[in-house]
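# Remarks on the overall topology
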Amino acid sequence: MVMVLDKCIGCHTCSLACKNVWTDREGQEYAWWNNVETRPGVGYPKTWENQDKYGGGWVLEDDKLRLRLEKDKHYKPPSLNDYYNPFDYDYEQLFTQEILDQQPSADPLDMYSREKIDIKWGPNWDDDLAGADVIAPHDPNWNGIDKQIYLNFKDVFMFYLPRICNHCLNMACAPACPRKAVYKRPEDGIVLIDQNSCRGYRFCGIACPYKKIYYNWKTGKSEKCIFCFPRVETGQPPACTLSCVGKIRYVGVVLYDETRVPEAAKAPEDQLVKAHRELILDPFDPQVIKEARDAGVPENFIKAAQESPVYYMFKKWELALPLHPEFRTLPMVFYVPPLNPVITVLDRNNKYSADYNSIIPAIDKLRIPIRYLANMFAAGNEEEVRKSLKRLLAIREFFRRIEVEGQSKAEAAAVLSEHGLTVNDADMMYRWLALGRNRWVIPTSKKELRVTLTRRGKGPGMGGRQRG
Amino acid sequence: MRTSFEALVLSILLGITLAISLTVGPLVTGQAPDVTAKYVAGNLVQDAQTAMKDVAVEYKTGLTAQQIVYPLSDPGSAEISYNVMHNGTHIAFYIKWKDETKDMPIGDVIDQFPDAVAIQFPVFKGELPYVCMGNTQNPVNIVMWKSNTGAEALVSASAYGRGQVQREALQMFESRTRPIHTAPPEDQIWYSDAYYDNGEWMVVLIRPLGSTSPLTPSLEPGSTTSIVFAVWDGAKDERGGLKKTSGWLTVELEQAAAPAEATTQTVTQTSTVTVTAPGKGGVPGWFVEFAVVIIVLLALAVVYLLARKG
Ligand code: SF4
Ligand code: SF4
């Protein structure tokens, strides 16, 4: 999946769609398999990116990957205090209150005890009750930034960060499970927890650096985003994607080299995004197609891989980036970083406008510090973020030259080629990003065609397919 | 002619030896069992609170922290005291151990773990696997009691949770071999009750001796089985491999006083199970064993005489 953050309006429709379909039941009240958090902020659960606290992800030691949890087993699973105390409202009150000048109100109730409670935190508290000056300094992504500058009124910035399970290639959740209840489906890469095998130990939840596994206190087993597999198998997008108001979500398959996953996960930090991209194969390469066929990948998947928005945005155009690649799980949800407000300048006519000639060179003057985005999406590698933002700006510049300045496509194309793009790329991007057409290309699965994942480290070949 | 006769004698002798070891194993091997499950006539104590005060816990066994497979426990030890008894139809384990905190997460609690105890049995007689969780050749049957959910029967068939290095060596990243499963409904034959008082748990676990499921070994009066105990302390976030275990212990079930007759005994408040209970009188177990030995010796003598003649 790719999420284009510029387009997220923070409406939480995705979260509600997911909740209504999957987690509106006892034991999962606090669980938002899809959540939307506001940045800068601490997220859900609070400061989940701080692995010193939560013990998630992999650590590279002597060229070996080890689960942080395995190095120190004293990490605890997150508590309701880290998430929030789930609450409901006493809607009855709306009908029974005496008629007053003010609007009627409903008291919040603890969802478990049904007793009145004082709400102290919520799944997107950073946004709901603002207070960024208090909460935002605790965001773990300020590393290397003088955060005080950005907490000043006028200099402050914000964007939304919707999150689901990343259905990682090198997931930390699965190997942490002594019961081997967590597994990746070879046919489409969806990561699931076998509810018959799960014993509720919560090692997976500690190991997942994204905190995307939720213990169900009612069943005593852990649960997670299932990428709406019953929908996906029939060619339909997940509920979050279908319902997304901002049309920010793109779903497609990619072909990748399963045998190289461990090697990619061990890349030096600043090379992690590059190594991750190199795993993704060119679905037009005849050799790749042949190997895919030999490995039993069905034709409709190969065709879908050639039309996949994930392939284009992550691999070909390098617009999309993984969230916290330094956790080394090779997450398969990618984010096109927000092209935050372009700082306006007094132009020749004494009007505030974007001096477009200077936009691309002045990319470091954008409101959201590049460093902040790099800490979040590129393990600190600012060049990866710059490349993505520059390309996004180049597309806008290209269309501006045509629409505003009346240049021909051929003339305007100079700004594209400067950033390694073609007119055809720009047209495709326009259709996908601006018009939001064909946001999902999902081949239907046929059970009888299921392939098995090649065991890691053995032989060449295509490891299978992964939904992005 | 003589050679084939000798072969016949040898095979008869082998057959007899096998018969001896199968029927009167403990007698022949002379191995003293670690635990004797005494035969008691009538109903077994089911209520843990009563058991805490009335059942004498005769045996004590030290448990040590599991230190072999991921996730490794902190070094440490514990001790359980227990008693095992049967009434010819059911076997009861009375297990008592000290635990300063009563950890019983109930309701919307997501970060706490229950206190627990388990007993593991080999599914087949024969070679015993490593004390934790069996292996593919030697599966184990486990009853696990948790403070918040009670007893559950499990079947496990492979040492689980290999460390990262072992996993890499075995290329097990994607392995879907599930080492442990909740046993099918027909194997959920355990009754449990628990009582916590003054820093101590008493857990009563009772099951019928007989079993029709291949995953649950039948326990017969007069036979021996092997068991391993394990306990978990919820306050220390112990669960899964973070546990303390005993070594394998042999348990001999005393002969029942009489052959069983079908009767009905109420084992839980909610369910009634039909079981077989011993009748009155009958041949004592020691007599059967003695008779078998005499028959075998006589047979040996006959074979020897025949051999000499031939
Ligand atoms: S985000 Fe990755 S590590 Fe976490 S649950 Fe999903 S697949 Fe597992
Ligand atoms: S539905 Fe779409 S736009 Fe709305 S919060 Fe979710 S991801 Fe953002």
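Everything numeric here is computed off the predicted structure, so don't read it as measured data. (Residues numbered from 1 in each chain as written. Chains lettered and ligands numbered in written order. Predicted model: local features only at pLDDT ≥ 70, side-chain atom pairs only at ≥ 80, totals over all residues. Heavy atoms only, no water.)

## Brief notes about the overall build of chain B
Defined as follows: To qualify as a helix, a DSSP run of H or I must reach at least 4 residues; to qualify as a strand, a run of E must reach at least 2; elements of each kind are numbered from the N terminus. Note on classification: 1.4 Å probe, protein chains only; a residue is buried when its accessible area is under 20% of the maximum for its type, exposed when over 50%, partly exposed between these limits. Any two residues having at least one pair of non-hydrogen atoms within 4.5 Å are treated as being in contact. All accessibility values rest on the Shrake-Rupley procedure with a 1.4 Å probe; residue burial counts only the protein chains present in the view.
Each helix and strand in chain B was counted, giving five helices and 15 strands. Within the span of chain B, comprising 310 residues, buried residues form 48% of the whole. In chain B, the share of contacts with a sequence separation of at least 24, taken over all contacts with a separation of at least 6, comes to 65%. Here chain B has roughly 15200 Å² of accessible surface; of this, 59% comes from carbon and sulfur atoms.

## Let's talk about the site of ligand 1
Which entries qualify depends on this criterion: Note on terminology: near, applied to a residue and a molecule or strand, indicates that one of the residue's heavy atoms is within 4 Å of it. Residues are grouped as follows: Ala, Val, Leu, Ile, Met, Phe, Trp, Tyr, Cys and Pro are nonpolar; Asp, Glu, Lys and Arg are charged; every other residue, Gly included, is polar.
Within the structure, ligand 1 sits among C165, N166, H167, C168, M171, A172, C173, V191, C208, Y210, I213 and K224 of chain A. Among the residues making up the shell around ligand 1, the classes are represented as nine nonpolar, two polar and one charged.

## Overview of the site of ligand 2
Residues in contact with ligand 2 amount to 14 residues; listed here are only the nearest, C8, C11, H12, C14 and C244 of chain A. Tallied by class, residues from the shell around ligand 2 come to nine nonpolar, four polar and one charged.

## Looking at the nonpolar core
Selection rule: Put simply, buried Ala, Val, Leu, Ile, Met, Phe, Trp, Tyr and Cys residues joined by side-chain atoms within 4.5 Å make one nonpolar core.
Counting residues in each nonpolar core, the largest one holds 135 residues, and the members touching the most others are V2, Y30, M313, W317, F377 and L389 of chain A. Residue contributions to this core peak at eight residues, all from helix α19 (residues 382-403) of chain A. Among residues more than four places away in sequence, those in contact with W317 of chain A are Y312, R391, L421, D425, M428, M429 and W432 of chain A. Membership of the second largest hydrophobic core comes to 32 residues, among which are L63, I119, V155 and V203 of chain B.

## A word on the confidence of the model for chain B
Residues shown with low pLDDT carry predicted positions that ought not to be read at fine detail. All names here are of chain B. Spelled out, the test is: You can read pLDDT as the predictor saying how much it trusts each residue, on a scale of 0 to 100.
Per-residue confidence for chain B gives a mean pLDDT of 76, with 68% of residues at or over 70. In this model, residues 169-176 is a region of pLDDT below 50 whose contacts with residues beyond four sequence positions or in other chains number 19 contacts. Here the predicted complex scores 0.83 on pTM and 0.85 on ipTM.

## With respect to the pairing of strand β9 (residues 191-197) of chain B
All names here are of chain B. Short version of the rule: Strand pairing is assigned whenever DSSP identifies at least 2 bridges connecting the two strands.
Judged from the seven bridges that link them, β9 and strand β10 (residues 200-208) form a sheet pairing that is antiparallel. Opposite A194, over in β10, you have V203 as the bridge partner. Remark: two residues form the turn of the hairpin made by β9 and β10, two consecutive strands paired antiparallel; N198 in that turn has positive phi of roughly 50°.

## Re the confidence of the model for chain A
Looking at chain A as a whole, the pLDDT averages 89, with 89% of positions reaching at least 70. Below pLDDT 50 for its whole length, residues 455-468 of chain A participates in 74 contacts with residues either more than four positions away or in separate chains.

## Some words on the pattern of salt bridges
All names here are of chain A. To be explicit about the condition: When a carboxyl oxygen of Asp or Glu lies within 4 Å of a side-chain nitrogen of Lys or Arg, that pair is called a salt bridge.
Taken as a whole, this structure holds 37 salt bridges over all chains when the rule is applied. Between R185 and E187 there is a salt bridge, with its nearest N and O atoms 3.4 Å apart. We note that R185, like E187, is buried. Among the charged side chains, a network of salt bridges with common partners joins E37, R39, E49, D139 and R163.

## Some thoughts on the packing of helix α16 (residues 309-316) of chain A against helix α21 (residues 423-434) of chain A
Residue and element names in this part refer to chain A. Operational definition: Fitted lines through C-alpha atoms serve as axes, helices being fitted only where they are in contact, and the angles separating the N-to-C directions of these axes extend from 0 to 180 degrees. These descriptions rest on fixed angle ranges, namely under 35 degrees for roughly parallel, over 145 for roughly antiparallel, 65 to 115 for roughly perpendicular, and the rest for oblique. Each crossing gets its hand from how the near helix is turned against the far one by less than a right angle, where anticlockwise is left-handed and clockwise is right-handed.
Axis separation between α16 and α21 bottoms out at 12 Å; the angle between their running directions is 125°. What the angle tells us is that α16 and α21 run oblique. The element α16 and its partner α21 pack so that their crossing is left-handed. Side by side, α16 and α21 meet where P309, Y312, M313 and K316 of the first sit next to D425, M428, W432 and L433 of the second. Counted by class, the contact of α16 with α21 contains six nonpolar, no polar and two charged residues.

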